[in-house]
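Now for the letters of each chain:
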Amino acid sequence: MGDGNIHDWKPYGVVIIIQLIYTWVSIISKAAFNAGLNPLVFIFYRQAIASLVLVPITIIAKWGTRPKLPFILLLKFFMLALIGVTIGLSLIQFGLKFTSETATSAAYNTIPIITFLLAFLLRIETLEIRKIHGMAKAAGVVLCLSGVVVMAFYVGPAIHPLNHHHLFHQSGNSTGQVHSEGTWIKGTFLLLFGNAACSLWLVLQGSMLEQCPSKLLVTSIQCIFSTFQTFFVALAFERDLSKWKLAFDVRLLAVVYAGICTIGLVWYLQAWCIQKKGPVFVAMSNPLTIIFTVFFALFFLGETIQLGSVLGGILTVAGLYSVLWGKYKENKLTLTSSDNSNVQAAAQNAILPIHEKLEEIEGIICTDGSVNTK
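Residues numbered from 1 in each chain as written. Predicted model: local features only at pLDDT ≥ 70, side-chain atom pairs only at ≥ 80, totals over all residues. Heavy atoms only, no water.

**Quick look at the environment of leucine 204**
The condition is simple: Here a strand is any run of E in DSSP of at least two residues, a helix any run of H or I of at least four, and the numbering for each starts at the N terminus. Burial classes: relative accessible area under 20% of the type maximum marks a residue as buried, over 50% as exposed, and values in between as partly exposed (1.4 Å probe, protein chains only). Here a residue-residue contact requires only that any non-hydrogen atoms of the pair lie within 4.5 Å.
By the secondary structure assignment, leucine 204 is in helix H7 (residues 181-211). Look at leucine 204 and you get partly exposed, because its relative accessible area is 27%. Separated by 85 residues in the primary sequence, leucine 204 and alanine 119 have C-alpha atoms spaced 9.5 Å apart. Excluding residues within four positions of it along the chain, leucine 204 makes contact with Leu80 and Ile83.

Here you go:
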């Protein structure tokens, strides 16, 4: 029983690790972009490093086996990499460049809501608007969208850090750089569209794992495809080869950390969680990133946080957990209904033999009280 309880808690521990890794990716990536690294070049390098790490591991793990990979399945993997990495992550990285780490972490909370909506459209999730759990889900969607609007159009006063030392300070630039209002709004909507692509990727990956249960193989194939895709996209938008050079600074740190931890480790852990608990469960853990980001920014990184990002994050988190509460109530009602059906079925099965025995006795005893010996 104890082992079972530990096993049940494993997914929760894993999603905390995932969100901690994502938090530091946002922090280090933002510093790298401020140091002059192109977001498209950054994504290509991180996918290439992840492929170099994962492909040999996959070959060793699958040595002696021949996984069936028909052309149609490979095409699905190609499209999955295109949606989740080449489009989704590219938009998110540009959104991070034009906003802040806190705004990016807050915007991550739109992923669960969009994931829920996509799952609803694909009939994976339900929405009964006349019931309390359905109203909670609908209210959560409204709150989340309100949070996005607040983040985009209300910057608000600055919240100054308790620690004024900038961990990733760059000469002539700072991780606390101020953006114009137009740039901030553009960055917020880039984050929203990028998160929408990642939400679709989460939902589609859930169905892909049913066709190909090997999480390691799924992750490796996506890394390979996305490496080639992002290379050609980055080359099309960044022709200056000097911008592709990496020195021993925060840019190299961001690429290596993101490639090994985010793609090589997080994708595998994320695929494991999706297989165990489903895509919505993984997306529901995203509010942890804004908590971690604000904590590290104020106490360790010396970052200035805009009030609008915090308020928008609070609204999106409130919306997220409104949907989560509605999902919990729905599951509880479904479980109760299933238990009642099982009890009724068991009672019916127990009563049926009694009826059969009574019919036997009635056949033996005649109406006048005499015994039928036939």
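Moving on from the model shown.
**Topic: the side chain of threonine 230**
Let me state the cut-off plainly: A 3.5 Å cut-off defines polar contacts: any pair of N or O atoms within that distance qualifies, except that in protein one atom must be a possible hydrogen donor and the other a possible acceptor, and neighbouring residues in sequence count only when both atoms are side-chain atoms.
Considering the arrangement of structural elements, one finds threonine 230 in helix H8 (residues 215-237). Taking relative accessible area as the criterion, threonine 230 reaches 3% and is therefore assigned buried. One polar contact links the side chain of threonine 230 to the main-chain carbonyl oxygen of threonine 227, over a distance of 3.2 Å.

**Looking at the packing of aromatic side chains**
Each aromatic ring pair is summarised here by two numbers: the centre-to-centre distance and the angle between the ring planes. For clarity, the cut-off: Each pair of aromatic rings taken from Phe, Tyr and Trp, with Trp reduced to its six-membered ring, is defined by centres within 6.5 Å and is described as stacked if the planes are under 30 degrees apart, edge-to-face if over 60, and tilted in the remaining cases. Remark: a charge is flagged as sitting over a ring if the NZ atom of Lys or the CZ atom of Arg is within 6 Å of the ring centre and within 35 degrees of the ring normal.
Per the stated rule, a full pass over the model turns up 11 aromatic pairs. Consider the rings of phenylalanine 33 and phenylalanine 42, whose centres lie 5.4 Å apart with planes at 90 degrees: the pair is edge-to-face. A relative accessible area of 5% places phenylalanine 33 in the buried class. Pairing phenylalanine 153 with phenylalanine 189 gives two aromatic rings, centres 6.2 Å apart and planes at 65 degrees, and the pair type is edge-to-face. Within this pair, whereas phenylalanine 153 is found in helix H6 (residues 132-153), its partner phenylalanine 189 is found in helix H7, the two being separated by 36 residues in sequence. Overall, the relative accessible area of 29% leaves phenylalanine 189 in the partly exposed class. Taken together through their ring pairs, the aromatic side chains of Phe44, Tyr45, Phe231, Phe232 and Trp244 make up a single cluster. A cation sits over an aromatic face here: lysine 186 above phenylalanine 98, 4.7 Å from the ring centre.

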